[in-house]
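# An overview of the molecular structure
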Amino acid sequence: TSRTMSLLSQLEKINSDSLAGEVENARYVTAKILHLVQSQEKTRKEMTSKGSTGIEITLSTLEVKHFNLCGFECAASFHIIIWTSNCGGRRASVLVTKGGTQILLQLLLNFSKDSPPNEELMVLLHTLLAKIGPKDKKIGMKARINGALNISLNLVKQNLQNHRLILPCLQVLRVYSSNSVNAVSLGKNGVVELMFKIIGPFSKKNTSLMKVALDTLAALLKSKTNARRAVDRGYVHVLLTIYVDWHRHDSRHRYMLIRKGILQCIKSVTNIKLGRKAFIDANGMKILYNTSQECLAVRTLDPLVNTSSLIMRKCFPKNRLPLPTIKSAFHFQLPVIPANGPVAQLYNLPPEVDDVVDESDDNDDVEAESEVEAENEDDKDQDFKNDDIETDINKLKPRQELGRPVEELKMYEQFFPELLENFQECDLVSKEPKPFRSDANLCGPIVVPTAGEE
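Residues numbered from 1 in each chain as written. Predicted model: local features only at pLDDT ≥ 70, side-chain atom pairs only at ≥ 80, totals over all residues. Heavy atoms only, no water.

The name given to the chain in an unreviewed UniProt entry is CBPC1 carboxypeptidase, with the source organism recorded as Nothoprocta pentlandii.

## Details of the overall build of the chain
Heads up, the condition is: Numbering of helices and strands runs from the N terminus, with a helix taken as a DSSP run of H or I at least four residues long and a strand as a DSSP run of E at least two residues long. Any residue under 20% of the maximum accessible area for its type is buried, any over 50% is exposed, and the rest in between are partly exposed; the area is computed with a 1.4 Å probe on protein chains only. Should any heavy atoms of two residues lie within 4.5 Å, those residues are considered in contact. Areas reported here follow the Shrake-Rupley algorithm with a probe of radius 1.4 Å; residue values treat only the protein chains shown as occluding.
A tally of helices and strands in the chain yields 24 helices and zero strands. Here the chain holds 454 residues, and 41% of them are scored as buried. Look at the contacts in the chain between residues 6 or more apart in sequence, and 71% of them connect residues 24 or more apart. A total accessible area of about 27500 Å² is found for the chain, and carbon and sulfur atoms account for 52% of it.

## Considerations on a nonpolar patch on the surface
The test is simple: Here, patches come from residues exposed beyond 30% relative accessible area and free of salt bridges, joined within 9 Å for like charges and within 5 Å for nonpolar side chains (Val, Leu, Ile, Met, Phe, Trp, Tyr). Each salt bridge in this description consists of a side-chain nitrogen of Lys or Arg and a carboxyl oxygen of Asp or Glu lying within 4 Å of one another.
Taken together, the side chains of Leu 402, Val 406, Leu 409, Met 411, Tyr 412, Phe 415, Phe 416, Leu 419 and Leu 420 present a nonpolar region at the surface, about 960 Å² in accessible area. Residue placement: Phe 415 occurs in the segment after helix 24 (406-409).

## Points about the packing of helix 14 (residues 207-220) against helix 17 (residues 256-269)
Two packed helices can be described by the angle between their axes and the distance between those axes. Stated formally: Lines are fitted to the C-alpha atoms to define the axes, a helix being fitted only along its stretch in contact, and any angle between axes, read from their N-to-C directions, falls within 0 to 180 degrees. When describing relative orientation, an angle under 35 degrees is termed roughly parallel and one over 145 degrees roughly antiparallel, while 65 to 115 degrees is termed roughly perpendicular and anything else oblique. The handedness criterion is simple: a crossing whose near helix is rotated anticlockwise from the far helix by less than a right angle is left-handed, and one whose near helix is rotated clockwise is right-handed. Just so you know the grouping, Ala, Val, Leu, Ile, Met, Phe, Trp, Tyr, Cys and Pro go in nonpolar, Asp, Glu, Lys and Arg go in charged, and all remaining residues, Gly too, go in polar.
It is at 8 Å that the axes of helix 14 and helix 17 come closest, and there the two elements cross at 20°. Relative to helix 17, the element helix 14 lies roughly parallel. The two elements helix 14 and helix 17 meet at a crossing, and its hand is left-handed. Here Thr 207, Met 210, Lys 211, Leu 214, Leu 217 and Ala 218 of helix 14 lie close against helix 17, whose contacting residues are Leu 257, Ile 258, Gly 261, Ile 262, Gln 264, Cys 265 and Ser 268. When the residues that make up the contact of helix 14 with helix 17 are grouped by side-chain class, the tally is eight nonpolar, four polar and one charged.

## Focus on the nonpolar core
In plain terms, the rule: Throughout this description, the term nonpolar core refers to a set of buried Ala, Val, Leu, Ile, Met, Phe, Trp, Tyr and Cys residues connected via side-chain atoms within 4.5 Å.
Among the nonpolar cores identified, the biggest contains 109 residues, and Leu 170, Tyr 176, Ile 199, Leu 217, Ile 262 and Phe 279 are the most heavily contacted of them. Among all residues touching Ile 262, those that are not within four sequence positions of it are Leu 214, Leu 239, Ile 242, Tyr 243 and Trp 246.

## Considerations on the confidence of the model for the chain
Predicted coordinates in regions of low pLDDT should not be interpreted in detail. Just so we agree on the cut-off: Per-residue confidence from the predictor is given as pLDDT, running between 0 and 100.
Confidence in the prediction of the chain, expressed as mean pLDDT, is 78, and 73% of residues score 70 or more. Below a pLDDT of 50 lies the segment residues 364-369, which in the model reaches six contacts outside its immediate sequence neighbourhood of four places, other chains included. Long-range and interchain partners of residues 436-448, a stretch whose pLDDT sits below 50, account for 13 contacts in this model, where long-range means more than four residues apart.

## Points about helix 12 (residues 180-188)
Burial analysis of helix 12 places seven of its nine residues in the buried class, the great majority of the element. Along helix 12, the residues classified as buried are Ser 180, Val 181, Asn 182, Ala 183, Val 184, Leu 186 and Gly 187. Two residues or fewer after helix 12 comes Gly 190, characterised by a positive phi angle close to 90°.

## Here's the deal with the packing of aromatic side chains
We count it as follows: When the centres of two rings from Phe, Tyr and Trp lie within 6.5 Å, Trp using its six-membered ring, the rings pair. Their planes under 30 degrees apart give stacked, over 60 give edge-to-face, and anything left gives tilted.
Inspection of every chain in the model, using the stated rule, returns three aromatic pairs. Aromatic pair Phe 196 and Tyr 235: ring centres 3.9 Å apart, planes at 15°, arrangement stacked. Placement of the pair is Phe 196 in helix 13 (residues 191-199) and Tyr 235 in helix 16 (residues 235-249), with a sequence separation of 39 residues. We classify Tyr 235 as buried; its relative accessible area is 15%. For the ring pair Trp 246 and Tyr 255, a centre distance of 5.5 Å and an interplane angle of 65° mean the geometry is edge-to-face. By relative accessible area, which is 1% here, Trp 246 ends up buried. What links up through ring pairs into an aromatic cluster is the set Phe 202, Trp 246 and Tyr 255.

## Let's talk about the pattern of salt bridges
Pairing of side chains with opposite charge becomes possible as their charged atoms draw close. Tallied over the entire structure, the rule returns 13 salt bridges. The closest approach of N and O atoms between Glu 41 and Arg 44, which form a salt bridge, is 2.7 Å. Within this pair, Glu 41 and its partner Arg 44 are both found in helix 3 (residues 41-48), separated by three residues, close to a single helical turn. Here the salt bridges share partners, and the residues they tie into one network are Glu 41, Arg 44 and Arg 91.

## Let's talk about unusual backbone geometry
The backbone phi angle of Asn 206 is positive, close to 55°, even though this residue is not glycine. Despite not being glycine, Asn 283 shows a phi value in the positive range, around 65°. With respect to the element layout, Asn 283 can be found in the loop between helix 18 (273-281) and helix 19 (284-295).

## With respect to the environment of Val 23
Position of Val 23 among the secondary structure elements: in helix 2 (residues 23-39). Counting along the chain gives 47 residues from Val 23 to Cys 70, while the straight-line C-alpha distance between them is 8.0 Å.

## Points about the environment of Ala 26
Its location among the elements puts Ala 26 in helix 2. Since its relative accessible area comes to 0%, Ala 26 is described here as buried. With 44 residues separating them in the primary sequence, Ala 26 and Cys 70 have C-alpha atoms 7.0 Å apart.

## A few points about the packing of helix 18 against helix 20 (residues 302-315)
As a packed pair, helix 18 and helix 20 sit with axes 10 Å apart at the nearest point and diverge in direction by 105°. As judged from the angle between their axes, helix 18 and helix 20 are roughly perpendicular. Only Ile 311, Lys 314 and Cys 315 of helix 20 make contact with helix 18, whose side of the interface consists of Arg 276, Phe 279 and Ile 280.

## Thoughts on the side chain of Asn 179
Counted only if it meets this: Between N or O atoms, a polar contact is any pair within 3.5 Å; within protein, one atom must be a potential hydrogen donor and the other a potential acceptor, and residues adjacent in sequence are included only when both atoms are from side chains.
By the element assignment, Asn 179 lies in the loop between helix 11 (163-176) and helix 12. Residue classification places Asn 179 among the buried residues on the basis of a relative accessible area of 12%. Among the polar contacts made by the side chain of Asn 179, one reaches the main-chain amide nitrogen of Asn 182 at a distance of 3.2 Å.

Okay, here's the thing in structure tokens:
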């Protein structure tokens, strides 16, 4: 029996007793396990190998009420097991399948009640949750039910200058925001305003924190409620200003991911009609067009050009065809239009006016309520029916018209007799094939095999 298995068996026995007097023994054993995990890859493999109960025993220690003081050693062991290996993703999945997400969230909730909370432990737990979060599709729901949703947000609010602490907190908020209900709940607690305080004016300090904050903000703005909140506070203009600053100062194109993160935020906020209008009012079309023109010469900046093109296509005013204005790339012969009719009024509108009614946001209030009520709204595909698409196969088939009358084509029948013959199978009763007509003697009679032949 290895040293690791011996210590795990001792820890299992201590957990079964669950006595308050065993706290020191539990801390001693977990500290020994942590030392082995730090120093030996063999121990890390034994803890996560198939059939091993190392993860389960360590998690059960965290569930014992009296053993909360062992939380740091256990969490540190999990952190080293996951991060110090190329198999970190698989080991994170093992931790999730053993129920580690729920236990870590409960541990986070317990230690957040301390005043002030242990910074080292908060960093450790948030780093763990950020790592295993993508492996657990229900982590957002678990965090909301467990009451741990706003812990990370409050830590960010109280430690805006402590970048070491708020970086893993933002990573966890990014995982939480993938759930639409969590995004709405966090938005009501001021997370959108908080993100703009972090991304703030242009600065090349803490670019990793800037990147995570932009990714979190882009996930939050996918909620229409949060997008409207951002538009109402004038954040569309702020995003465009920040993008221009990064475009001007990033002459060596080292921070392309940050610039793309800003564009993703603009793309999310322009999913609603108010966002598109705010984008046009902030001269966003000209800004993205000019910056995209300057990026065309650099191949590595193609993602910025593609995202900018998507935003501009989405926000460009829609007009009916045919267009009598300079915006049209094609020219049509317009019919005679009465001078005072509604069509003439439509064509006399200024070029920048959007003459196509956009009803995409007319039911925003209903959608905002459904975001809170529907748990898996983002996972369901919505079926759209386009009435302009013809679905009748008979109508879609092209009509073939003969170049000559049928009477004139009958003169060619003698050259293609096989097209006129009625080829029938042989008579199964007589087992003899039927001969062709004399005028169709092209290849002789057809011999059909009998029933017993292959």
